[in-house]
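The primary structure of each chain is shown beneath.
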Amino acid sequence: MATFFGWLGGWRQVWRRYVLPASKRLWDPVPGQSGPTSPSGLAQWPELRAAGAHAAADRLISDARSGSMSDVDFARIAHSWTMVRIGRMPLADFTDTVLRLGAAAWTHPSGARDLPRRTAAHDLMTGQVRIGTAVQEPGDTPAHGGFGLALSPAELGTSVLAIGPSRSGQTTQLVRPIIEALCLQALARTTTIIAVGTGTEPAVPDDAFDIVIRPGDPRSLHDFDIYGGTDDSQQAATILAEALVGDLPSTTGPMAHAVPRAATALAELLGPFQAAHHRFPHVSELHELLNGSQDAIDSLRNALEAAGQDSHLRVLDKRGRETDAGEMIRALLRDRVATLEPLLTPCTDAPPFLLGAALQEPQRIRIDLPASGFAKASDVTARLVLAQFNTYAATRPDQTAFAFLVLDVAAQAITPGSLRGVQRLRAAHAGVLLTLQLLDDIPESLHVPLLEAVGCLVCWPGLSPRDAQRINHKRPNPYLTSSIPSDLSLVSMPSDHGYMAAPLLTRLHG
């Protein structure tokens with residue numbers, strides 16, 4: 001997405017002259033800040049005209065003048081023109097669609113062309129998310145303070161870590177603007193956004209999303225598929241193993257290398273079950289198999305014999321000769337899968353939500369985990385969502401659309417394996433936002449890997465002196481010797497030369 005605005009050229013004048021005034025009523029500017037302006041200047045969609053699409057250019061200018069084109073419409077049509085430029089859409093198809101539908105061309109599958117409500121001003125021309133204003137310190141030149149600070153897809157694509165105590169402003173000043181801006185970009189068909197939280201006080205309401213999933217809630221219209229839609233038993237086992245045992249500390253005892261050993265134990269069940277039933281087991285079925293239920297094992301063996309799957313029969317029989325360490329892994333998997341039963345057992349007739357498939361199309365998705373009552377299951381589910389996102393975002397066949405995961409319950413989801421996955425997202429046009437109240441919410445052994453895995457760091461007022469010292473050791477800043485001033489937040493972003501040498505202190509708007 002960061003590249004497709006670069007070629008706009010003369011389109012920018014059309015945007016400023018016609019689209020901004022028409023869409024100004026959609027903006028809810030931050031109190032005390034001015035809304036978008038409308039500089040003079042007129043362009044005739046030169047990119048289209050140069051390609052011979054004069055009629056399409058005239059139709060778009062007419063819709064902009066009439067006020068029927070919003071900033072979302074403009075960004076969506078600009079994206080479609082990019083598809084023409086890179087050879088993925090015939091010019092004739094583009095012209096025909098514009099002449100028929102005008103500003104409504106290529107509307108998002110939901111039919112929505114804007115969010116029901118915006119709480120901040122968003123710049124869809126650049127895809128930026130404004131997060132504050134850099135502090136003007138004494139002696140600073142104008143270029144080093146007093147300017148607006150925003151996160152673009154380039155920065156978001158390096159992933160973001162936000163650290164600060166409860167009610168420090170994370171939700172209202174960072175999480176909400178990012179989710180809201182990316183939901184708008186999804187309507188422009190350039191982004192897929194998945195937002196995970198507890199659902200107690202959702203940052204953005206239900207009607208801003210295409211799909212809302214509430215595991216464990218019988219009123220939820222969608223179930224969450226624990227395999228993400230893959231048909232590869234080894235991949236499914238690897239993802240599930242990361243979610244189930246990825247949080248275990250490294251050890252040299254019987255539980256050493258727990259994730260790969262758990263993946264092997266799961267694959268020995270998932271592969272035969274898939275061969276017999278052409279699907280993977282539901283949570284309750286997997287629990288029975290891990291529990292060694294004789295009825296479940298005999299039923300699977302009979303199905304494999306009927307299907308002539310001798311190789312999978314041998315795999316199944318091999319499980320009866322496990323070592324003590326293998327039995328310990330299986331017992332741990334059994335216990336943790338059991339905690340998932342009340343939360344992730346299918347309970348609706350609707351097709352389950354497949355995260356892997358969702359990343360193939362620009363969508364707006366929210367997953368609300370229970371705020372209480374299922375703490376262990378919520379922790380495993382958060383790890384499962386992150387593991388699935390890391391895997392499927394990095395292996396998408398089409399990475400044109402930006403993919404972003406907001407994990408507002410990140411403490412229990414951060415593991416050595418998940419951090420390695422986050423680092424791989426940079427090359428896949430994808431990123432994550434992880435929020436923590438304290439660095440001590442995760443094991444000390446993960447502090448440095450976490451700070452190295454993300455490109456953007458946001459620290460909030462109220463940061464503990466201990467966390468400030470740890471962060472300052474990794475990203476030196478004089479304001480972090482003890483704590484951050486009460487009205488300021490520290491933002492460290494990547495630059496063309498690596499991390500910024502002097503991270504910025506910003507006043508963040510609400």
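Look up a bit, the structure's there.
Residues numbered from 1 in each chain as written. Predicted model: local features only at pLDDT ≥ 70, side-chain atom pairs only at ≥ 80, totals over all residues. Heavy atoms only, no water.

## A few points about the nonpolar core
Item 1. Of all hydrophobic cores here, the largest spans 95 residues; its most connected members are Ile-367 and Phe-389.
Item 2. With eleven residues, helix α9 (residues 258-277) is the largest single contributor of residues to this core. (Core = buried A, V, L, I, M, F, W, Y, C linked by side-chain atoms within 4.5 Å. Buried < 20%, exposed > 50% of the residue type's maximum accessible area, 1.4 Å probe, protein only. Helix = DSSP H or I, 4+ residues; strand = E, 2+ residues; numbered from the N terminus.)

## Some points on the sheet that holds strand β7 (residues 402-407)
Item 1. Sheet architecture is open: eleven strands sit in the order β2-β1-β13-β10-β9-β3-β8-β7-β4-β6-β5, paired in mixed fashion. On the outer flanks of this sheet lie β2 (148-151) and β5 (211-213), each paired with one strand and no other. Along the sheet, successive strands turn relative to each other by an average axial angle of 25°, direction set aside.
Item 2. Summarising the sheet, strand β3 (residues 160-163) and strand β9 (residues 456-459) pair through four bridges and their orientation is parallel. Counted as the bridge partner of Ile-163 is Cys-459 from β9.
Item 3. Taken strand by strand, helix α7 (residues 170-187) contacts β1 (129-134), β2, β3, β4 (191-197), β6 (364-368), β7, β8 (430-436) and β9, and its axis lies near 145° from that of β4. (Pairing = 2+ DSSP bridges. Axes fitted to C-alpha atoms, helices over the stretch in contact; angles between N-to-C directions. Contact = heavy atoms within 4.5 Å.)

## Focus on the packing of α9 against helix α11 (residues 294-307)
Item 1. For the pair α9 and α11, the least separation of the axes is 9 Å and the interaxial angle reads 55°. The orientation of α9 with respect to α11, classified from their angle, is oblique. As α9 runs across α11, the sense of the crossing is left-handed. Packed against α9, whose contacting residues are Pro-272, Phe-273, Ala-275, Ala-276 and His-277, the element α11 presents Leu-300, Ala-303 and Leu-304 at the interface.
Item 2. Split into classes, the residues belonging to the contact of α9 with α11 amount to seven nonpolar, one polar and no charged. (Parallel < 35°, antiparallel > 145°, perpendicular 65-115°, else oblique. Left-handed = near helix turned anticlockwise from the far one by under 90°. Nonpolar A, V, L, I, M, F, W, Y, C, P; charged D, E, K, R; others polar.)

## Some thoughts on empty space enclosed by the protein
Item 1. Tallied over the full model, the rule gives one cavity of 30 Å³ or more.
Item 2. Roughly 70 Å³ of volume is contained in the largest cavity.
Item 3. Considering the residues around the largest cavity, the lining is formed by 13 residues, among which Pro-215, Gly-216, Asp-223, Phe-224 and Leu-343 are closest to the centre.
Item 4. In terms of residue class, the lining of the largest cavity is built from six nonpolar, four polar and three charged. (1 Å grid on protein atoms, 1.4 Å probe; cavity = no way out; pocket = protein on both sides within 12 Å on 5 of 7 lines; lining within 4 Å. Points joined across faces, edges and corners; volume = space filled by probe spheres on them.)

## Some words on the pairing of β7
Working note: regular strand, side chains alternate between the two faces of the sheet.
Item 1. The element β7 is largely enclosed, with a buried count of six among its six residues.
Item 2. Across five bridges, the pairing between β7 and β8 is parallel. Residue pairing in the sheet places Leu-405 in a bridge with Val-432 of β8.
Item 3. For the segment spanning β7, helix α16 (residues 416-424) and β8, crossover handedness is right-handed. (Right-handed = clockwise from strand over helix to strand, strands pointing away.)

## Details of the packing of aromatic side chains
The description of an aromatic ring pair uses the distance of the two centres, along with the angle that the planes make with each other.
Item 1. Applying the stated rule across the entire model yields five aromatic pairs.
Item 2. Judged by centre distance (6.1 Å) and plane angle (35°), the rings of Phe-224 and Phe-353 are tilted. Linking Phe-224 in the loop between β5 and α8 (233-245) with Phe-353 in the loop between α13 (324-344) and α14 (355-358), this pair joins segments that are 129 residues apart in sequence. Residues Phe-224 and Phe-353 agree in their burial class; the two are buried. (Phe/Tyr/Trp six-rings, centres within 6.5 Å; stacked < 30°, edge-to-face > 60°.)

## Focus on the layout of surface pockets
Item 1. Computed from the structure, the largest pocket encloses a volume of approximately 1,100 Å³.
Item 2. Together, 44 residues line the largest pocket, and Thr-171, Thr-198, Asp-408, Val-409 and Gln-437 are the ones closest to its centre.
Item 3. Where the lining of the largest pocket is concerned, the elements lending two or more residues are α7, β4, β6, α15 (375-394) and β8.
Item 4. Looking at which element gives the most residues to the lining of the largest pocket, the answer is α7, with six residues.
Item 5. Taken together, the residues that form the lining of the largest pocket break down as 19 nonpolar, 17 polar and eight charged.

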